[in-house]
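These are the residues of each chain, in order.
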Protein chains: 2
Amino acid sequence: MENWRPSYRLLKYSFFDRRANLKFLDSSRTSTPGRAYNFSRSCELFQQDVCFQRRKFSTFLRGSGNGVMASLQNVDDNRCRIGYRNFASMASTTVRNPSFSVINSDDIDYFKKILGESGVVQDEEKLDDANTDWMRKQKGSSKLMLQPKSTQEVSQILDYCNSRCLAVVPQGGNTGLVGGSVPVFDEVILNVRGMNNIISFDKASGILVCEAGCILENLISYLDNEGFIMPLDLGAKGSCQIGGNVSTNAGGLRLIRYGSLHGSVLGLEAVLANGTVLDMLGTLRKDNTGYDLKHLFIGSEGSLGIVTKVSILTPPKLSSVNLAFLACKDYTSCQKLLYQAKRNLGEILSAFEFLDINAMDLVLKHLDGLRDPLPSSTHNFYILIETTGSMESHDKEKLEAFLLQVMESGLVTDGVLSQDINQASSFWRIREGIPEALMKAGAVYKYDLSLPPEKMYDLVVEMRGRLGTEANVVAYGHLGDGNLHLNISAPQYNDSILSKIEPFVYEWTSKQRGSISAEHGLGLMKANKIHYSKSAETVKLMASIKTLLDPKGILNPYKVLPTSLLSHS
Amino acid sequence: MENWRPSYRLLKYSFFDRRANLKFLDSSRTSTPGRAYNFSRSCELFQQDVCFQRRKFSTFLRGSGNGVMASLQNVDDNRCRIGYRNFASMASTTVRNPSFSVINSDDIDYFKKILGESGVVQDEEKLDDANTDWMRKQKGSSKLMLQPKSTQEVSQILDYCNSRCLAVVPQGGNTGLVGGSVPVFDEVILNVRGMNNIISFDKASGILVCEAGCILENLISYLDNEGFIMPLDLGAKGSCQIGGNVSTNAGGLRLIRYGSLHGSVLGLEAVLANGTVLDMLGTLRKDNTGYDLKHLFIGSEGSLGIVTKVSILTPPKLSSVNLAFLACKDYTSCQKLLYQAKRNLGEILSAFEFLDINAMDLVLKHLDGLRDPLPSSTHNFYILIETTGSMESHDKEKLEAFLLQVMESGLVTDGVLSQDINQASSFWRIREGIPEALMKAGAVYKYDLSLPPEKMYDLVVEMRGRLGTEANVVAYGHLGDGNLHLNISAPQYNDSILSKIEPFVYEWTSKQRGSISAEHGLGLMKANKIHYSKSAETVKLMASIKTLLDPKGILNPYKVLPTSLLSHS
């Protein structure tokens, strides 16, 4: 226990306060009038990352031989080069499905008739924004964005588009990271931002019912006033919408505590490709009357139907939050620490994040104003543990007893408990500053993987063996959820490094029955990589279900599934 | 606070101890050699109930005019009278699908070839048991039960049955309450009890992978040794199997704390009607690579595929359990109390059950050895609150503070905290003895409904208005989950009472967007009532998915969906 800080004062602060204090990056972005951008945390980092890379590696833009840094470009009207930057995969091409019609003036007239002038957007600046993804890596060429105000209007739009064979991209806050929410070619953009009403909230059950276009942060604020929280929270909460969250099965910060949206979403309303409205908007915790089809629409990225309303179970807001920053000598200790934390902190554990020494070194080297919370010696691994509970004195006592135990047993070699909100923010900044530090260090190959926790770090070790001194392999992520953010930092992009990473990283993940997309979805970027994480039989059944629900394939085409598997392709 | 007991000692006991002490009914049942019956709680009650009713109302058996108490009978080879007893619905008839083949000696030879003699059961006594449901209300006439030992064997069986158009009933512990796990006619019984291996358990993540035939109690015992618990627990745990639990989306006692199986089940393996093995046996908390098809098999009662392996997230075992028995003057106070309990007890709340004065009166009148825990005056509503946490002193302090607050605010008019395991058992016996007391009181019409909590008791009040002095309307259930057990007790069954209950109870539930089957599923008994809880469009899509996955309809025919909707019917 000689390394343990003898005196500290426990912290009491809210999630929201902490997050608000973490806006250490300027998140300014040219915004379309009338549209508010309020991103914090990861999305800011991503955005900065993109801008930085674009500047630094401009020589790679357009027509680069290896395709790694190829920017988005329309090679011709029917062929789209998919640009990869941070993900660093080989570029691929997608061909426009010739069975899709092209918008004409009659179509526009029809949509104006049902939506009014304000619901039919043809303004180039607005369309440019809606055609471009948040990462500025994908860009479509849609000439039309529709903004329905009701489920009935969504139904009318889809019925019409299906009969005319007009492809449609469902869009919410357009904050996705895999190119799932923007057109690939000239698909009609159907944005549900106009459907943003809270329909009901029941304080006894904590069940919220709202329209798909509700911005997550607005729901968080609404619930905060009612004494509840959303079971999910994301960096993009200022723009992302609940319909998009549900459609992409967004993970976020609270998953270790409150589970995935498959558990939290109690019901939803969705509109199928042919305009059929599926009312599955139950507000019941228990309902065993037949197949629970809502799950088909959670995480299918708008390719099976457009989510128009959501019913969600929200937990009560708890007042006590504490944060510890700990060091472990090896990965096995990290795993054991997780086991102990689940046991001893059980009901109050709300985050369990890890970073390795390479990540810590990078952050300390590249980010200003940060210092090592445990400077007495270097450590191989660092763990952040957050607790959230209903009584501060209890949480403090549990956490102290837990820390005493894991220090005495040697699982933790050093540690500090945040004393105030500033210290907590600085701890979080270390963990959350890693993407920024990676960006400043040079080129970065990024992978978002789910792996069995006991195998997770083996990949990092193997990757270091493969790359030697060519690159710096950095690992961090949500250890509590088995989610590894594997980042490979190099002075510059080159084919030699990439060939040592891919397809090895996907094959390795596949062998361990891991997921090549833990929380971002497949979208356009990874649709053709689905076989690394799903069996051929499962993918085939997915394709059959897609064909059953959307025979003409008009909903979010080219995404999620390889188009070669779809009968309409 | 004058009503509050000033002195009490907090209780520490395990779920398992409590349950073990609740075997107040003799659960003896003629068992087939080699098959262990170890039922406790509700299933014992149901069984007793059936025997009691059968004896008391024998005059109604066979051919009764109103059909209410019609026993199971094969009217002829192709027509099955569905007997309803406790559920008291009108009897209906099901006709054998003529497209299904009849087993012949070549079929038997084939199955013996792939399964060996031991895997092919034709013994009449064993078949009689497998043909009969736990409630002894449904009985099929299958001549063949197959007991595969591996997924490959399940696949071979289904491939063959599909090609021969032989109907198949998947069966696990056969403990279902809606006739879902027994043949209606001569379907082949496919029992997975021989597939009962635990495949892996990871202590770091708490993820268990096992075969479908593992008995729930065995998994609970296994995990107990590892310091974990199953996220579900049922009265039938001694016989029910995890494959059946998953296939029926079993609810059980821990749902308020750990949520449904849609959240806990991380992956599964299922075999489709044509023998295709779908490997979706992921062990990842996060995986956003395409449609999460495992949810199709959770709660579809074996009608879309047979679950052969399951991966499930298990929570750590916590040591501190406390129980309070409280009184409220009105239903609104019960609702407010639930709200406060969620807020103040938040992370340690593990049960929130309610019963009304009619239920309490019935229990005190008909069950021996029980006394009113709050005898100073009568109360309109009683609430049981259980907490489970990692530190007893903390839980005790939280519970005391909470109780003080709700007593002072008047939400609770009286209350007592269990002082030892015996007192806790007696509190639980009041709640759990209600079915037995109802049985002793005479005829009973039973309904298992999910309703919005704020509306739940309105149905009880309306039902009392409709029935007047003809019957005693008794209400209890899992208020924390919005699950009402509505029971109507009368001296005897008669058409006048039934006509005042049905279809009113279903129509009322439907109007409130409730569920006519909160946790039991639809099975055979409620397949034709699905429209009360699901929209026509949703049911139609269910039927389309059934047809997609099982074109010949061989899997668990006549169950879940009205056969008239299926193209193969």
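Small disclaimer: the values here were computed from a predicted structure and weren't measured. (Residues numbered from 1 in each chain as written. Chains lettered and ligands numbered in written order. Predicted model: local features only at pLDDT ≥ 70, side-chain atom pairs only at ≥ 80, totals over all residues. Heavy atoms only, no water.)

### Quick notes on the interface of chain B and chain A
- Listed per partner, the contact involves 92 residues of chain B and 93 residues of chain A.
- For the pair chain B and chain A, the summed buried area comes to about 7500 Å², and 57% of that belongs to carbon and sulfur atoms.
- Area buried by chain B at its contact with chain A is led by B:Lys286, B:Asn288 and B:Tyr291, which between them contribute 14% of it.
- As a salt-bridge pair, B:Lys286 and A:Asp481 come within 3.6 Å of each other at their nearest N and O atoms.
- Secondary-structure elements contributing two or more residues to the side of chain B that touches chain A are helix 8 (255-258), helix 9 (261-264), strand 11 (277-280), helix 10 (294-297), helix 11 (331-344), helix 13 (392-408), helix 16 (453-467) and helix 19 (536-549) of chain B.
- If you tally residues by element for the side of chain B that touches chain A, the top one is helix 19 of chain B, at nine residues.
- In terms of residue class, the side of chain B that touches chain A is built from 33 nonpolar, 35 polar and 24 charged. (Contact = heavy atoms within 4.5 Å. Buried area = accessible area lost by both parts, 1.4 Å probe. Salt bridge = Lys/Arg side-chain N within 4 Å of Asp/Glu carboxyl O. Helix = DSSP H or I, 4+ residues; strand = E, 2+ residues; numbered from the N terminus. Nonpolar A, V, L, I, M, F, W, Y, C, P; charged D, E, K, R; others polar.)

### Considering the UniProt feature "domain: FAD-binding PCMH-type" (unreviewed entry) in chain A
- The feature "domain: FAD-binding PCMH-type" (unreviewed entry), as annotated in UniProt, sits at residues 138-317 of chain A in this numbering.
- Regarding residues 138-317 of chain A, the helix share stands at 24% and the strand share at 22%, and the terminal C-alpha atoms are separated by 38 Å. (UniProt positions renumbered as here; feature names shortened; annotations may be inferred.)

### A few points about the sheet that holds strand 11 (residues 277-280) of chain A
Residues and elements named next belong to chain A.
- Pairing within the open sheet is antiparallel, and its five strands lie in the order 8-9-12-10-11. Looking at strand neighbours, the two that pair on one side only are strand 8 (198-202) and strand 11, the edges of this open sheet. Neighbour-to-neighbour, the strand axes of this sheet turn through a mean angle of 10°, independent of strand direction.
- Looking at chain direction, strand 10 (residues 265-271) and strand 11 are connected through four bridges and run antiparallel. The partner of Ala 270 across the bridge, within strand 11, is Leu 278. (Pairing = 2+ DSSP bridges. Axes fitted to C-alpha atoms, helices over the stretch in contact; angles between N-to-C directions.)

### A short note on the side chain of A:Lys309
Residue and element names in this part refer to chain A.
- Along the polypeptide, Lys 309 turns up in strand 12 (residues 306-313).
- Of the residues examined, Lys 309 reaches a relative accessible area of 16% and is grouped as buried.
- In this structure the side chain of Lys 309 is engaged in a polar contact, spanning 3.1 Å, whose partner is the side chain of Thr 151.
- Residue contacts for Lys 309: discarding those within four places in its chain leaves Thr 151, Ile 199, Cys 210, Glu 211, Ala 212, Gly 267, Leu 268, Glu 269 and Leu 281. (Buried < 20%, exposed > 50% of the residue type's maximum accessible area, 1.4 Å probe, protein only. Polar contact = N/O pair within 3.5 Å; in protein donor to acceptor, adjacent residues only side chain to side chain.)

### Some details on the pairing of strand 6 (residues 168-171) of chain A
Residue and element names in this part refer to chain A.
- Here strand 6 shows no split at all, with Val 168 and Pro 170 on one side and Val 169 and Gln 171 on the other all buried.
- Here strand 6 runs beside strand 7 (residues 188-191); their pairing, made up of four bridges, is parallel. Its bridge partner being in strand 7, Val 168 is matched across the sheet by Val 188.

### With respect to helix 15 (residues 434-441) of chain A
- Among the eight residues of helix 15 of chain A, six are classified as buried, and the element is accordingly described as predominantly covered.
- After helix 15 of chain A finishes, the residue A:Gly442 shows a positive phi value of roughly 140°.

### Comments concerning the relation of the copies chain B and chain A
- In screw terms, the move from chain B to chain A is a rotation of 180° and a rise of 0.0 Å along the axis, fitting with an RMSD of 0.1 Å. Such values leave the two copies arranged in the relation of a two-fold axis. Across chain B, the smallest distance between a C-alpha and the rotation axis is recorded for B:Gly263, namely 2.2 Å.
- Interface overlap between copies is the fraction of interface residues in one copy that are interface residues in the other; for chain B against chain A it reaches 100%, indicating a shared surface. (Least-squares fit on C-alpha atoms with pLDDT ≥ 70 in both.)

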